[in-house]
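Commentary on secondary and tertiary structure
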Amino acid sequence: VTFDVAVLVMTNAHVVAGVDEPVVRIRLGDPGLASTVVYFDTATDIAVLAVPGLGARPLVLAKESARSGDPAVIAGFPESGPFRAEPARV
């Protein structure tokens, strides 16, 4: 099976651990798209999902490493609760 690079999504491995049918949502409330785990590594806590039909633009990665004091965001669904995004600093 081959996948177009444009439909690959990286997440944390713990997010999809034990999930039989992962779904990727672009926005809260969207029905989501079925995905397939194509890479899973608990040592680095990284998973890569193939998401056919995703149609989203990729995020642009920073050209420099973050430095102490840089602004950041912590985003997720803590303890399987509702989505939260909190300001943070590196």
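Please refer to the structure placed before this passage.
Throughout what follows, the structure given in this document is the object of discussion. Numbers given for residues are sequential positions, taken from 1 along each chain in its written order. Note on the predicted model: pLDDT of at least 70 is required for a residue's local features to be given, and 80 or more for side-chain atom pairs to be given and counted; whole-chain, interface and lining totals, by contrast, use all residues. Only hydrogens and water are set aside when side-chain values are computed; all heavy atoms of the structure are taken into account.

With respect to the sheet that holds strand E1 (residues 8–11)
DSSP-based pairing: two strands are paired if at least 2 bridges between them are found. Under the DSSP-based scheme used, a helix requires at least four consecutive residues in state H or I and a strand at least two consecutive residues in state E, with every element numbered from the N terminus. Strand order across the open sheet formed by three strands is E1-E5-E4, with antiparallel pairing between neighbours. Edge positions in the open sheet fall to E1 and strand E4 (36–41), since each of these has one partner strand only. Taking the axes of each pair of neighbouring strands and ignoring which way they run, one obtains an average angle of 20° across the sheet. Note that E4 and strand E5 (residues 46–50) share five bridges and pair antiparallel. For phenylalanine 40, the partnering residue across the bridge sits in E5 and is alanine 47. All axes are obtained by fitting lines to C-alpha atoms, using only the stretch in contact for helices, and the reported angles, taken between N-to-C directions, cover 0 to 180 degrees.

Notes on the nonpolar core
Grouped together as the largest cluster of nonpolar side chains are seven residues: Ala13, Val16, Val24, Ala47, Leu49, Val51 and Leu54. Listing elements by their share of this core, those giving two or more residues are helix H1 (13–16) and E5. If sequence neighbours within four positions are ignored, alanine 47 has contacts with Val9, Met10, Thr11, Asn12, Ala13, Val16, Tyr39 and Phe40. Nonpolar core, defined: a set of buried Ala, Val, Leu, Ile, Met, Phe, Trp, Tyr and Cys residues in which side-chain atoms within 4.5 Å join the residues together. We call a residue buried when its accessible area falls under 20% of the maximum for its residue type, exposed when it is over 50%, and partly exposed in between, using a 1.4 Å probe and counting protein chains only. What makes two residues a contact is simply this: any of their non-hydrogen atoms within 4.5 Å.

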